[in-house]
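This is what each chain is made of:
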Protein chains: 2
Amino acid sequence: MAINKSLLSGSTTLLILKLLEDKDMYGYQMIEVLTNRSDNTFSLKAGTLYPLLHNLEHQGMINSYDENTDSARVRKYYSITKKGKGMLAEKQNEWKAYTSFVNRILHGGVNFAKVN
Amino acid sequence: MAINKSLLSGSTTLLILKLLEDKDMYGYQMIEVLTNRSDNTFSLKAGTLYPLLHNLEHQGMINSYDENTDSARVRKYYSITKKGKGMLAEKQNEWKAYTSFVNRILHGGVNFAKVN
DNA sequence: TTCCATATATAGATTATCTACATATATATA
DNA sequence: TATATATATGTAGATAATCTATATATGGAA
């Protein structure tokens, strides 16, 4: 399997799809969850997330629906589609392959003995 | 520790510095080694590598010297500097922190129970 | 009422990587 | 011998992911 170059930077998509696999969420909530789960070391910026969500929806990976709470405020929830689940599986494999590769370089191991 | 955003895409620098920690190498050789170690799934492009090497040298992370073989061909070898080793240590920590975070999202675990 | 948190959105800048091209030598093959 | 392929380094311009900055609007707290 060739490693998709977009993964090198694009792990944000992987994270978003994974969150939505668990449950429907709205954008601001995703930012909060990711910040909390990383102990505040990682924070996805709103200016990164919203265009990404629009793009994923355009590609048919996720769907959106407005949820009217009792107040005037409207939250835009997203759900993952079947196609999106396929993309998630793919990106998870790529993530695993790429991190295995980098870790092999960083820590050596059986393949490190290979002649160069 | 806040995760340096440049790591999300910039793991190439980490790989290069790690290779040079082991031994001096020339550019084309780095490309070959990384390709081989990844079982041909990853290939760093020359157009990516050479500007990156020039940049790292400009920053004082690596030094270069020409090695004249008996033939007319000249290979440009690079060695890592003390400063470069510092950068390598930093980037290794960031790599570890970021991959731990993503893996926590992907696989759940103790911190997964946190309330959102 | 004023400030901060919540919530979504877009424009423009930055940066890493890519493709494509250029140059030159070494080696293998037709 | 000629020609293609591998080795080796380099730059220019394009693409894509993310960022900062800005805009808008509501809810709640000081």
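Parameters and conventions
Residues numbered from 1 in each chain as written. Chains lettered and ligands numbered in written order. Predicted model: local features only at pLDDT ≥ 70, side-chain atom pairs only at ≥ 80, totals over all residues. Heavy atoms only, no water. Axes fitted to C-alpha atoms, helices over the stretch in contact; angles between N-to-C directions. Helix = DSSP H or I, 4+ residues; strand = E, 2+ residues; numbered from the N terminus. Parallel < 35°, antiparallel > 145°, perpendicular 65-115°, else oblique. Left-handed = near helix turned anticlockwise from the far one by under 90°. Contact = heavy atoms within 4.5 Å. Salt bridge = Lys/Arg side-chain N within 4 Å of Asp/Glu carboxyl O. Buried < 20%, exposed > 50% of the residue type's maximum accessible area, 1.4 Å probe, protein only. Pairing = 2+ DSSP bridges.

Caption draft 1: Local environment of the packing of helix α5 (residues 82-107) of chain A against helix α5 (residues 82-107) of chain B. Direction vectors running N to C along α5 of chain A and α5 of chain B enclose 150 degrees, while the axes themselves pass 12 Å from each other. As judged from the angle between their axes, α5 of chain A and α5 of chain B are roughly antiparallel. Every pair of crossing elements has a handedness; the one defined by α5 of chain A and α5 of chain B is left-handed. For the pair α5 of chain A and α5 of chain B, the contacting residues are Gln92, Trp95, Tyr98, Thr99, Val102, Asn103 and Leu106 of chain A in the first and Gln92, Trp95, Tyr98, Thr99, Val102, Asn103 and Leu106 of chain B in the second.

Caption draft 2: Geometry of the pattern of salt bridges. All names here are of chain A. A complete count under the given rule lists two salt bridges over all chains for this structure. Notably, a salt bridge pairs Lys18 with Glu21, separated by 3.0 Å at the nearest N-O pair. In this pair, Lys18 and Glu21 both sit in helix α2 (residues 11-22), three residues apart, roughly one turn of the helix. Residue Glu21 is classed as partly exposed on the basis of its relative accessible area, which comes to 40%.

Caption draft 3: Structural detail: the side chain of Thr13 of chain B. Turning to its location among the elements, Thr13 of chain B is positioned in helix α2 (residues 11-22). When neighbours within four sequence positions are excluded, Thr13 of chain B is seen to be in contact with Leu52, Leu56, Met87 and Lys91 of chain B.

Caption draft 4: Local environment of the sheet that holds strand β1 (residues 25-26) of chain B. Residues and elements named next belong to chain B. Pairing in this open sheet of three strands is antiparallel, and the strands run β1-β3-β2 from one edge to the other. The sheet terminates laterally at β1 and β2 (62-68), the two strands that pair on one side only. By the bridge criterion, two bridges tie β1 to strand β3 (residues 74-80) in an arrangement that is antiparallel. When the bridges of β3 are listed, Tyr26 appears paired with Tyr77. Lying over the sheet, helix α4 (residues 46-58) contacts β2 and β3, oriented at roughly 120 degrees with respect to β2.

Caption draft 5: Region of the structure containing the sheet that holds strand β1 (residues 25-26) of chain A. All names here are of chain A. Spatial ordering of the open sheet is given by β1-β3-β2, a layout of three strands whose pairing is antiparallel. If you trace the sheet from one side to the other, it starts and ends with β1 and β2 (62-68), each paired once. Bridge count for β2 against strand β3 (residues 74-80) is seven bridges, and the pairing is antiparallel. For Tyr65, the partnering residue across the bridge sits in β3 and is Tyr77. Against the sheet, helix α4 (residues 46-58) makes contact with β2 and β3, and its axis sits at roughly 120 degrees relative to β2, the strand it touches most.

Caption draft 6: Molecular detail of unusual backbone geometry. Residue and element names in this part refer to chain B. Backbone geometry places Asp39, a non-glycine residue, at a positive phi of 55 degrees. Structurally, Asp39 can be placed in the loop between α3 (27-37) and α4. Of note, Asn40 is a non-glycine position whose phi angle comes to about 65 degrees, a positive value. Looking at where Asn40 falls in the secondary structure, it is placed in the loop between α3 and α4. Owing to a relative accessible area of 60%, Asn40 belongs among the exposed residues under this scheme.

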